[in-house]
Every structure is written in C-alpha cells, then in structure tokens.
Amino acid sequence: MSGRSRHARAILGEELYGRLSETKVLLVGAGGIGCELLKNIVLTGFGHITLLDLDTIDLSNLNRQFLFRKKDIKQSKAMVAAKTASAFNPNVKITPIHANIKEPQFDVEWFRGYDIVLNALDNLDARRHVNKMCMAANVPLVESGTAGYLGQVQPILKDRAECFDCVPKPTPKTFPVCTIRSTPSQPIHCIVWAKSYLMPQLFGEDEDSGSELDEAEKQGENAKEIAALRKEAQAFKAVRAALRSAPAEEASSSSAAKLVFNKVFHGDILNLLSMADMWRSRAPPVPLDFDAIRAGTFVLNRPSQNGNTASTASGQANSSNGSTSTEKALNGNGASTSTAATPAAGGAGLKDQRALSLQDNLELFVSSTERLAARLRAGEDTISFDKDDDDTLDFVTAAANLRSAAYGIPGKSRWEVKEMAGNIIPAIATTNAIIAGLIVLQAFHLLRRSYSSLRNVHVQFKPSMPLSAIAMCPPNPACGVCRDTYTEILCDPARVTLKQVVDGVLGRGADTDMDSNEGEGPEEVCVYEDKRVLSDPDWDDNDNRTLESLNVTRGKFLSIVDEDGEYATIQVAIGALPPDHPADGSALILPSPLPKPPRRQKPRVATPSPPPPPTTTSKKRAAPDDEIEEIDAPSAKRARKDEDAPNVAASFTPSKKRRLEEDGLIMLDTAEEKIEEDPDVIEID
C-alpha cells in the first residue's frame, strides 16, 4: 500500500477506493469552486477526469483560484488547471477541454459516457443546460454554488430527488429602457447605462438600436421618450466616426472626447428637458458644461420639482439631493479638488476607493475615451466592457459618475463601479474550499448508491450552525424538466423531416412495426424547439421541412407536447448517426422501445364545505335570503348554424375548440354560420 493512497483506502474502504480509479468524472467549471474541487478529486484518486471550461484567466482570479499564476493570465483555465493539478497525482488522467458546454458535440450520448457530473458553474443558463442533459442521459449530478460566506451543494438523481429546475429560480434584475436611458434615480441605473448602452454605442458594433426601442414601445413605455431616444441613436453615428478617424493635429487630440461629452451630457439632456411632461413628478437633470467644469467654474443649478432653482455653490448643500460632502464632490469643491493625475487626492484611502470630484471624472472621461479611440484606430474592431480592462473600467466609471452628477445622484468610486458593473458576487476562498469538500462527500454517496444518505447541504452565516443538512425532496410533479419523458434519435438532419421524427417517435410511421403505442400516447401534439413553435394541430407548414432547415441539429431537443395535456411531454434528443453507418442506410434511427409518456395526474379539486349554520347565540341579524344573489360564471355561447350553410369540416381541432369554448370563445365552422343575438357576445372578424 503506497503512502499516497493509504489514508484514502482506510477512509473509503477497499471496494469504493478500487472503483474510483475506473470512475469517469465530468467537472464543468474551473473557477473558484472548480480549482478546489479538481484538487480534491485528483488527490482522492478519481482516475479519469474531464475538465471543461470556456473562460480564460483574469488578474482578479489569482487571489482565490490557486492553480493559476500571473504568467497564466489570458490562457485557458481548463488547460492550465489540468496541467497544474496533474502533478498532484501522476496516476490520474485529466482531459482538459476549452469549450462551451452548450456546443453541439456535447450531446446526450457524450454525457452518457460519464459516471457522474460535478457542476462548478456560476452561470444560470449553463447550469440549467447541464441539469437537462443529465436528466436526458440519466447521469447523477452534484450541483453547487457560493456567494460570499454562503454556499450550497445539491445532489441530483433522476426520479429520486428534485432537479435544479424543480424549484423556480429568481430572474436577474432588469430595468426598463426609459429608466436607464432617460430617468435614472440610482447609481446602478447610471452604471448600467454607461456599461450596456453608451460603451457599445461608441466602441461596439454599429448596430441599430431600433429593435430594443420597438420592444420598449410594445411594453407601453412613454412614446415621447422613445421618439427622443430614436433621434439620439441617429446622432451617435457622427460621434462614432470621429472616434475612429485620426485627429488632424496633436492639439486637438481631445476634440473627439469633447464631442462625445457635449453630445451625451449636454445635447441629449437638453433634448430630454424639452419634454416638460416628463419632469412634472421628478427633478429634471442639469446639462453639463465641458469647458466650465475643466476651468473649475461650473456650478450645478438643480431645478426642483416645483420649478424653483436651487444653486449649489462651493460649500453649500442641497438638502433634497444629498449631504454637503456629496454636493461638494459633485461640484468639484470637495476634499479632492485636484485632477485625477494626483494619486494622493482623496485622503488616506486607496486610489480606487477614493471619491472622485466632477473635475476628476471629466479628466478620467477624456483620458479613457482617448485611450479607447486609439485602440480602435490601431485595428481593434470592437471593444467591450471587461472589469479587468483598465481603459473600459475608467470609461464606465467616469461616464456613470458624470451622468449621476447631472441627475443629482451620488457618485461611486472606481472600486464600487467595478464591483457593480462586473456583477461580482463576493468570492471567499474558504467557502469555495468547504463547498468543494462537500461535493466530494455527496459524490461518494452517489457512487455507493447510498441514496438515503444524500443531503442538500447549506453553508450558513451562523456561527452556532455553519452547516445545515436537509434530506432530499422528491421531484416536483409539475417540473418541466425532470418530469418529462426523454428519448434519443440518431439521424441526418439534412435528410430527415420534422414529420418523420414526430410520427416515428409516436409510433405512427409505416416502417416502425411497433403497435405497442397503439391507443396509447397523445393524439394531437405541438412540437417545440426550446421556445420556438415548429408545429401544432392547426399549423403544419414545417412538417415536411428537414430538421437542418429548421436549425434543429445535434445536441438540441424537440419537445412533443400533448395538446390535451393528458400525457407528459416527450423530449427528443437529436444525436448523430454512428460513424460506421452505411451511406445508403436509413437517415433516421428510432429508439427501441419507443417512449411511453405517462398520464399526468390531474390535481384533485377540493370541494368547499358548506358554511356552518348560524348559531343561536349570535345577536347579529342574518341577512334575508332575498338579499343574497348567486351569480354564475358566464358560459360560452353556442353558435346557431344557418340551415342553408354548407357542412364544412371544422378548421380547428376538437380539443382546441373545446378549450376555447371553455374560455368563452366561439370558433365558427364556416363564414356563413350565425350567432344568436346577445349583447354579451362580441363578434371578431
């Protein structure tokens, strides 16, 4: 017994330890949790590890992702982590993959090649994808996550424990377009505007922002504001051209930055102020003056909601808009009165954490705009925000603070902007290490098949109880992921049509020779790919189109949904034909046996118990019976057919027609069909 494995053998036992060397593990993610977890499973003795991550190493990763060094910055996390961890145990084989887990080659068959999957992701969409693939492949999954001092480990096993999607996840916080673009009221509004709107407009791809405004208009946002924003978007074209053209002379190197400033912080604000209705219930913004701020003579005159003007000079505070120190900083008269070139300004605080004056923000805006413009002229096509890119971080910081000043909103330090704009969830190395250890413990239970020992474990910010272990909950019967019926087909998407796949999976094809589904399963179905409707009983335009023409290819799912809702949804995973499949062979290989979706259990409707009779002890007089009026819900009106109308087949399926009638809608079979005159019926052409 070697010294390397002595402790692991003693703790795990000969049987489990012997199986580890043959266990195939997929580890998705090589970040904070991933580095700790890779170290753990390598030292434990898992023999075959595949490490997949799309990300590259940033400077900000080095404080907690200990497998990386400064020389590794900009390199693949998966490649560097695998190389570093291989030295921990030469008996372990680590296969690194620098790719996106959602790429088509990582299909259900690929997932099926692993004994267990360990998730160390920080992306909600990717976590949902891995969860669904594990459900389809029937492979155990251990999900995890951390946020500061908090963490969670969740073992997931199909049909035995709830999956990642059994419990709805909160949607990310979003803001209305007009709030971000016209009426900010919080620092985060200005930061999102600078990062997600201004920077892409100036340094990103030349895209028409009309689609975003069209969607905002559909959502019922202010039409006048949207019209002004459309005009504003057109004016950006000239500004973009100025940033990409070389300056005529060195003295005018800041002319492009000044042009951007005057467009964004002066002209656009004047346009907004022309819409008086917008400022009836809120304080209007103040246009900024480039030359006056640079000369130190600019004073913020902030009109109040009632139309009066409050001048804020040096040393004077506006009680409705913040403290004296905030107003001094906004006007360039605070503790930091020098330009950003003076690192000592701001007192003893660190450079990134000191408060920036209005002058500081202007100089930082000019400097960062010039640096970014120089990068465009040097050949970079587009520049996007990166919290570790000093040029982009400086630009977003300065632009957000200048906008905050115009709207009377307190500014933020460079450090705070980096935290907010980078969507940084506080990461603590100790929490990551605890979670990584708990993941391995739950993985042991799954490999032993000790399902009764599985626990959903939480790391809490409670000194008296830092860990809480909760017994696993059964799957949510209403879950739209783990309660579906999964199957897989192998096909050539360029030769197989949508109808062939649906009929084949449902046992309707002439060449299936399977009568087992006769009389069972859904009769009328809708077909989806993700959120796209591809077919339904009343629309079959895509039935004879190939899967490739519908962009349904390897790694994707077709969802076959029962129109009547009686049977569970069938999820059809699209796989590739075997490499040795004959060229003249069938373009579609169906699963055997065919899937048999179970009937959905209809929830029992509790019959309300009649109210108890009034007691004789009550001194209140009961209402007389004739004062109680029982109102029935309106029922759907049946259409009266014209005697002379031809008998034409209904254009809607019976099930859909029945559901529409239950909702109070009447679908007429022919154009000649008449409706009984009734004031409650509205006729729609």
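Parameters at a glance
Residues numbered from 1 in each chain as written. Predicted model: local features only at pLDDT ≥ 70, side-chain atom pairs only at ≥ 80, totals over all residues. Heavy atoms only, no water. Helix = DSSP H or I, 4+ residues; strand = E, 2+ residues; numbered from the N terminus. Buried < 20%, exposed > 50% of the residue type's maximum accessible area, 1.4 Å probe, protein only. Contact = heavy atoms within 4.5 Å. Areas by Shrake-Rupley, 256 points an atom, 1.4 Å probe, with all protein chains shown as cover. pLDDT = per-residue confidence, 0-100. UniProt positions renumbered as here; feature names shortened; annotations may be inferred. Patch = residues over 30% accessible without salt bridge, like charges linked within 9 Å, V, L, I, M, F, W, Y side chains within 5 Å. Salt bridge = Lys/Arg side-chain N within 4 Å of Asp/Glu carboxyl O. Lys, Arg positive; Asp, Glu negative; His and termini not counted. Charge placed at Lys NZ, Arg CZ, Asp CG, Glu CD. Polar contact = N/O pair within 3.5 Å; in protein donor to acceptor, adjacent residues only side chain to side chain. 1 Å grid on protein atoms, 1.4 Å probe; cavity = no way out; pocket = protein on both sides within 12 Å on 5 of 7 lines; lining within 4 Å. Points joined across faces, edges and corners; volume = space filled by probe spheres on them. Nonpolar A, V, L, I, M, F, W, Y, C, P; charged D, E, K, R; others polar. Domains from an automatic or database assignment. Pairing = 2+ DSSP bridges. Axes fitted to C-alpha atoms, helices over the stretch in contact; angles between N-to-C directions.

Draft legend 1. View of the overall build of the protein chain. Scanning the protein chain from N- to C-terminus turns up 19 helices and 16 strands. Residue burial in the protein chain is summarised as follows: out of 685 residues, 44% are buried. Within the protein chain, residue pairs in contact and separated by at least 24 positions form 67% of the contacts whose partners lie at least 6 positions apart. Taken as a whole, the protein chain presents about 37,100 Å² of accessible surface, with 51% of it coming from carbon and sulfur.

Draft legend 2. Local environment of the confidence of the model for the protein chain. Residues of the protein chain with pLDDT of at least 70 account for 72%, and the chain-wide mean is 80. Low pLDDT (under 50) marks residues 312-349, which in the prediction has 58 contacts with non-local residues, meaning those over four places away or in another chain. Note that residues 617-651 has pLDDT below 50 and, in this model, 29 contacts with residues that lie over four places away or in other chains.

Draft legend 3. Geometry of the UniProt feature "active site" (unreviewed entry) in the protein chain. Under the UniProt annotation, the feature "active site" (unreviewed entry) is placed at Cys178. Counting through the fold element by element, cysteine 178 comes out in helix H7 (residues 177-181). On the accessibility criterion, cysteine 178 (7% relative accessible area) is buried.

Draft legend 4. Summary view of a positive patch on the surface. The grouping of Arg19, Arg160, Arg448 and Arg449 at the surface amounts to a positive patch. Among the structural elements, arginine 160 can be located in the loop between strand S6 (150-156) and H7.

Draft legend 5. Fine view of the environment of aspartate 115. Considering the arrangement of structural elements, one finds aspartate 115 in the loop between helix H5 (108-111) and strand S4 (116-119). Note on aspartate 115: relative accessible area 39%, which makes it partly exposed. In this structure, the C-alpha to C-alpha distance between aspartate 115 and proline 140, residues 25 residues apart in sequence, is 7.3 Å. One polar contact links the side chain of aspartate 115 to the main-chain amide nitrogen of lysine 24, over a distance of 2.7 Å.

Draft legend 6. Region of interest: the layout of surface pockets. Within this model, the second largest pocket holds a volume of roughly 930 Å³. Those elements giving two or more residues to the lining of the second largest pocket turn out to be helix H6 (124-137), strand S12 (525-529) and strand S14 (557-562). A per-element tally of the lining of the second largest pocket places H6 first, with six residues. A per-class count over the lining of the second largest pocket returns 10 nonpolar, seven polar and 13 charged. Looking at the lining of the second largest pocket, you find at least three residues from each of domain 1 (3-168 + 427-471) and domain 3 (485-589).

Draft legend 7. Just the environment of isoleucine 570, in detail. Within the secondary structure, isoleucine 570 sits in strand S15 (residues 570-576). Residue isoleucine 570 is classed as buried on the basis of its relative accessible area of 1%. Taking the C-alpha atoms as reference points, isoleucine 570 and proline 595, 25 residues apart in sequence, are found 7.7 Å from one another. Other than its neighbours up to four places away in sequence, isoleucine 570 contacts Thr485, Thr487, Val505, Leu506, Leu558, Ser559, Ile560, Pro595 and Pro597.

Draft legend 8. Here's a closer look at the pairing of S6. In terms of burial, S6 is largely enclosed, as five of its seven residues are buried. Summarising the sheet, strand S5 (residues 141-147) and S6 pair through seven bridges and their orientation is antiparallel. The residue bridging leucine 141 from the neighbouring strand is isoleucine 156, located in S6. Hairpin geometry of S5 and S6 is characterised by an intervening segment of two residues between the two adjacent antiparallel strands and by a positive phi of about 65° at glycine 148.

Draft legend 9. Quick peek at the environment of tyrosine 451. With respect to the secondary-structure elements, tyrosine 451 resides in the loop between helix H17 (429-448) and strand S9 (455-459). The partly exposed category is assigned to tyrosine 451, whose relative accessible area is 24%. Residues contacting tyrosine 451, with those up to four places away along its chain left out, are Leu157, Arg160 and Leu446.

Draft legend 10. Broad picture of the sheet that holds S12. One open sheet holds the six strands; their spatial order is S13-S12-S14-S15-S11-S16, and the pairing between them is mixed. Here the strands that pair on one side only, and so sit at the sheet edges, are strand S13 (532-535) and strand S16 (588-589). Examined bridge by bridge, S14 and S15 share four bridges and lie antiparallel to one another. Directly across from isoleucine 560, in S15, lies its bridge partner isoleucine 570. Strands strand S11 (485-491), S12, S13, S14, S15 and S16 of the sheet are contacted by helix H18 (residues 498-505), whose axis makes an angle of about 60° with S14.

Draft legend 11. View of unusual backbone geometry. Omega for the peptide link from serine 592 to proline 593 comes to 0°, which places this bond in the cis form. In this structure, proline 593 sits in the loop between S16 and helix H19 (654-662). Even without being glycine, aspartate 159 reaches a positive phi, approximately 70°. For asparagine 551, which is not a glycine, the phi torsion comes out positive at approximately 60°. Within the secondary structure, asparagine 551 is located in the loop between S13 and S14.

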